[in-house]
Structure formats: C-alpha cells, structure tokens
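Summary of structural features
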Amino acid sequence: MNATFNYRTHIVSSLSEIGQAAWDGLLALQGEANPFLSYAFLHALHESGSACPDTGWQPQYIALYDGDDALAAALPLYVKGHSYGEYVFDWAWADAYGRHGLDYYPKLLSAVPFTPVAGPRLLARDDAARAALIEVLRATQAATEVSSTHILFPPEEHARQLQDAGFLLRSGVQFHWLNPGYADFEAFLATLEQKKRKNIRAERRKVKEAGVLLRRVRGADITDEEWRFFNRCYRHTYAAHYSTPYLNLDFFRRIGAAMPENILLVIAEREGRPIAASLVIHTADTLYGRYWGEIEHVPCLHFEAAYYQPLEFCIEQGIKVFEGGAQGEHKMARGFLPTRTYSAHWLAHPSFADAIERFLEREAGGIDDYMDELNERNPFRNAGLSD
C-alpha cells in the first residue's frame, strides 16, 4: 500500500498554520538543534517580509499528519521566481532554459532563505514518515507546472534518499573550524603553522593599534539602538557592493526577541563610537558566522569582528564547530578546514535533466580535485591536531 495513505497532507502558506509547538517538536526529533530551522527564525523571515511572495519566496510547506492529527513530517518549501539568496548557483541552468524558449521559473526550493547552512530538510519522526514525505514531494512536482525542485544543504543521508527517489546530487565546499578543546586562543594559535600564527597576531595588533575596542553582546542584552546600528552596518555592506539587502530591521528585532539565547553581536568601537558589527548565531555545540558590516573602514577589522572574536567565544563556551558560511578559501589561513556540502535537484524536462546530470558528473570530479588540493594546504603544523 502507498505509504502516503497513512497520512493526511496539508500544503501550508504560513508556519502559523502548523504552529510553533508542533513545528519545533518535530524539529527536536531530528537529533540536532538547528536554530535556522526553528519556528522563530523562519517565522521572522516570513512575517518581516524578508522571505515572502512579494520578494519571490512563496511558502508552500508540506505537512503530513497522522490519524491522531499529530505532525508526522514536514518540508520547508518555497515557490521561487528567481535564484537569489540560495548559495547553490543555478543561474546557468536558467539561462539555458531561456535560450531554448523555456521557463525555468517558477521552481520549487527547499532551503532556509538566505542561509547556506546544512541541516535536515526532510523533517520526519521516523523512516516511514520520511518516505511518505518524499512521495508527497514527488507528487507535488508532478501536479504543478514547475521546471524543477531543489533541496539545498541537506545532510548526506537525506541527499542519498533523494537520489534514490530520482534526484541528481550536487556537492560543494564550505569551511568549518573545529574545537578539540582549546584552553584559550593562544592554545589554538600554537597548533597553526608559524606563518599563519604570525599573520593572525599581526592582524589583531593592527586593529588594537587603530584604537578599536570590541565587545560581545549576548542576545538578551542587545538594545534596540544596537539592533538599529547593526542594521545600518548590514545595509551599508550591501550598498558598497551595489546590492539590495535581503533582510530588514524588523527581522533582526524579531529574532532578537524570539531566540536571544542563540544570538551574539560583536560591536567594534573607536573613540566611543560604534563603527562596525558582526552577528553570529549559535547553539551549545555550533556557531554560525552570518552577517558583518562597517560604516568606517579599519584594516583587518573584518577578521577581528567576524572571525577572531567568535573563535574566542567558541573556546570560552566550549562550542565545538564554527561554520564559516559560504565560500572563502581565506578562512583556511585562520584554521578553517574544507567540508563537503550537498544539494539534490530534480528537473521535469527529460533532455535538460540528462544534460545537467552530465554536467554534475563533470563538476563532481572537479570538486573532488578541489577538496584534495585544499586538504594538501592544511594550515595546522600537525594535521592530526585538527581532527
């Protein structure tokens, strides 16, 4: 019998239709505390207007309920009218569709908007519910006029399940810092090659000699004035790159109120004036580098506020992993190591599916070579210390 017969399917346009208790309860069963998948974070994205139909992110979450009306499985899913804010790039695929007179958009996307963080996407209380969720996703694809479906940054296990269901796998690379239990920042530096250690000390010294002081503010202590300043820094960074910011002050205020235990703000000041800030999200085990901005440039301040201050915080709090976010080989010189990520892709058009499958096979070989090259440039004096 079809596994989906055991469940009632809802397609919801707002997380409020599922409810915080049910959503976070299901998330808690996934075996990891991922703050970006929490009701507080996702609901803030939607309610602030950062990720909503008007910005090209139309929520179409799949929810499966059992006979007792308990949430058994769910998938964060969006109908997308563009490919901004995803960090797994398919612009070339969209261009190829356009050159052949085909529409690539709308497409379906399962991801945390604007957030290249790995974590469960196929949320389920057991294997049977997860299998049913995949069946519903396949049926949704077939019933809607979308070019494709993309599941971004799932754990490898979920990626393999999607591959078995007919999805194509793609891999990428991020850079993560691992904490084996350093006593302090100097103990971490002692494990690096001499040149790397010397450069980090020089960068930190430049910031100090420039008269910049840094302070860390935990979420519950962040004032509205500090949120307004951080938002100003965030928007200034996007303006400097001639881009439009994805997030707004309302979003930052919402997560500050709803999930303060997961937030750390680093503020840089000179002569009593704030000049830069970085925002990180963390749990007891993992810290995620997120957003940085400055209104006054100081050499090396970015590294101090966005890397070294969070690294010190990880060491002080016993946090085991610092995920540095998308891209950035420069992170390796600061003790971050390459980590493979995954995404899964389904395309409705058979010819394009074949062509992209061949492309992904070639790309996978390049990723393997890239990972080998990066691992040969391990920044630690003894690679065994970074395990």
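The structure under discussion appears in the preceding block.
Here we summarise the structure given alongside this text. Every value quoted in this text rests on a predicted model; they were computed, and no experiment measured them.

Regarding the overall build of the protein
Counting secondary structure elements, the protein contains 11 helices and 15 strands. Relative to the 2.2 N^0.38 estimate, which gives 21 Å for 387 residues, the radius of gyration of the protein is 22 Å and therefore close to what a compact globule would have. Dimensions of the protein, computed from C-alpha atoms along their principal axes, come out at roughly 70 × 45 × 40 Å. The 387 residues of the protein split such that 55% are buried. Contacts in the protein between residues at least 24 apart in sequence constitute 75% of all its contacts with a sequence separation of at least 6.

Quick look at the sheet that holds strand 12 (residues 273-282)
Each strand in a sheet pairs with another by means of backbone hydrogen bonds, the pair being arranged parallel or else antiparallel. One open sheet accounts for 11 strands, arranged 2-5-6-8-15-9-14-13-12-11-10; its pairing is mixed. At either end of the open sheet lies a strand with only one pairing partner, and these are strand 2 (57-59) and strand 10 (212-218). Neighbour-to-neighbour, the strand axes of the sheet open up by a mean angle of 30°, direction not taken into account. As defined by bridge partners, strand 6 (residues 107-110) adjoins strand 8 (residues 148-152) across three bridges and the pair is classed as parallel.

A short note on the packing of helix 7 (residues 194-209) against helix 10 (residues 301-317)
Where helix 7 contacts helix 10, the two axes come as close as 10 Å, and the packing angle between them is 115°. Classed by the angle they form, the pair helix 7 and helix 10 counts as roughly perpendicular. Handedness of the helix 7/helix 10 crossing: left-handed. Where helix 7 abuts helix 10, its residues I200, E203, R204 and V207 lie against L301, F303, E304, Y308, Q309 and E312. Of the residues assigned to the contact of helix 7 with helix 10, the class counts are five nonpolar, one polar and four charged.

Points about the sheet that holds strand 1 (residues 8-12)
Strands sit in the order 1-3-4-7 across an open sheet of four strands; the sheet is antiparallel. The open sheet is flanked by strand 1 and strand 7 (123-124), the only strands paired with a single partner. Pairing geometry for strand 1 and strand 3 (residues 61-65), over five bridges, is antiparallel. From the neighbouring strand, I11 faces strand 3, where its bridge partner is I62.

Observations concerning the environment of E271
Here E271 is to be found in the loop between strand 11 (263-270) and strand 12. The class for E271 is exposed, based on a relative accessible area of 73%. Along the chain, E271 and P338 lie 67 residues apart, while their C-alpha atoms are 38 Å from each other.

Some details on the pairing of strand 14 (residues 321-326)
Strand direction decides the pairing type here: strand 9 (residues 168-178) and strand 14, joined by four bridges, are antiparallel. By the bridge assignment, L178 is partnered in strand 14 with V321. As paired strands, strand 13 (residues 286-294) and strand 14 are joined by three bridges and run parallel to one another. Looking across to strand 14, one finds that L287 is bridged to F322. Running through helix 10, the crossover from strand 13 to the neighbouring parallel element strand 14 is right-handed.

As for the packing of aromatic side chains
Applying the stated criterion to the full structure yields 31 aromatic pairs. Plain terms: the ring middles of W23 and Y61 are 5.6 Å apart, the flat faces sit at 40° to each other, and that makes the pair tilted. With W23 in helix 1 (residues 20-28) and Y61 in strand 3, this pair connects stretches of sequence that are 38 residues apart. According to the relative accessible area criterion, W23 is buried, its value standing at 0%. A centroid spacing of 5.6 Å and a plane angle of 85° characterise the contact between Y61 and Y78, whose relative ring orientation is edge-to-face. With a gap of 17 residues between them, Y61 in strand 3 and Y78 in strand 5 (residues 78-80) connect regions that are remote in the sequence. Judged by its relative accessible area of 0%, Y78 is buried.

Quick word on the side chain of H46
Inspection of the secondary structure assignment puts H46 in helix 2 (residues 39-47). Classification of H46 by relative accessible area gives buried; the value is 12%. Leaving out residues up to four positions away in the same chain, H46 has contacts with A51, C52, P59, Y61 and Y78.

A look at the pattern of salt bridges
Inspection of the entire model under this criterion finds 25 salt bridges. Between R204 and E312 there is a salt bridge whose closest N-O contact spans 3.0 Å. Here E312 lies in helix 10 and R204 lies in helix 7, a separation of 108 residues in the sequence. Measuring nitrogen to oxygen at the nearest pair gives 2.3 Å for the salt bridge that ties E296 to R270. Of this pair, E296 sits in the loop between strand 13 and helix 10 while R270 sits in strand 11; the two residues are 26 residues apart in sequence, bridging distant segments of the chain.

Thresholds, definitions, all that
- Residues numbered from 1 in each chain as written.
- Predicted model: local features only at pLDDT ≥ 70, side-chain atom pairs only at ≥ 80, totals over all residues.
- Heavy atoms only, no water.
- Helix = DSSP H or I, 4+ residues; strand = E, 2+ residues; numbered from the N terminus.
- Rg over C-alpha atoms; globule rule 2.2 N^0.38 Å.
- Buried < 20%, exposed > 50% of the residue type's maximum accessible area, 1.4 Å probe, protein only.
- Contact = heavy atoms within 4.5 Å.
- Pairing = 2+ DSSP bridges.
- Axes fitted to C-alpha atoms, helices over the stretch in contact; angles between N-to-C directions.
- Parallel < 35°, antiparallel > 145°, perpendicular 65-115°, else oblique.
- Left-handed = near helix turned anticlockwise from the far one by under 90°.
- Nonpolar A, V, L, I, M, F, W, Y, C, P; charged D, E, K, R; others polar.
- Right-handed = clockwise from strand over helix to strand, strands pointing away.
- Phe/Tyr/Trp six-rings, centres within 6.5 Å; stacked < 30°, edge-to-face > 60°.
- Salt bridge = Lys/Arg side-chain N within 4 Å of Asp/Glu carboxyl O.

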